[in-house]
Amino acid sequence: MKKILLVLTIISGLVLTGCYSSQINMSMGNMRLISSSASPQDVMDFATTTCKSDFYQGASFLSKAGKEYRFKCVKAEENEILTPIPGTMIPAGAPAPISK
């Protein structure tokens, strides 16, 4: 019985993992190239989280080609606007740009 549960747990984990994935293909300065088969909102959330973990305010969408998304990580003092992927939203909690 334990072996059956173990096998079912492994199989269900692999199935869930295979649903979608997001990974950073390139990170150069404040630019990020993300390859993902996830929904656009999940990619936007992933990019925002990734940029915030690198001490930026958030991610600003630049372009999409196939399953590759290009983002620019934005700092608050650069006074740039965060642009979401069309049809998505930037997660709440992203501060507004500081005007100088």
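### Quick word on helix 2 (residues 40-53)
In this model helix 2 runs 20 Å from its N-terminal to its C-terminal C-alpha over 14 residues, within 8% of the 20 Å that 1.5 Å per residue would give. What helix 2 keeps buried is the set Val43, Met44, Ala47, Thr48, Thr50 and Cys51. Down the axis, helix 2 shows its buried residues gathered within 165 degrees of arc, on one side only.

### Some details on the pairing of strand 2 (residues 31-36)
Judged by how many residues are buried, strand 2 sits mostly within the fold: 5 of 6 residues are covered. Here strand 1 (residues 22-28) folds back onto strand 2, and the loop between the two strands holds 2 residues, one of which, glycine 29, carries a positive phi near 65 degrees.

Here is what the cut-offs are and how they apply
Residues numbered from 1 in each chain as written. Predicted model: local features only at pLDDT ≥ 70, side-chain atom pairs only at ≥ 80, totals over all residues. Heavy atoms only, no water. Helix = DSSP H or I, 4+ residues; strand = E, 2+ residues; numbered from the N terminus. Expected span 1.5 Å × (residues − 1). Buried < 20%, exposed > 50% of the residue type's maximum accessible area, 1.4 Å probe, protein only. Arc of directions from axis to C-beta. Pairing = 2+ DSSP bridges.

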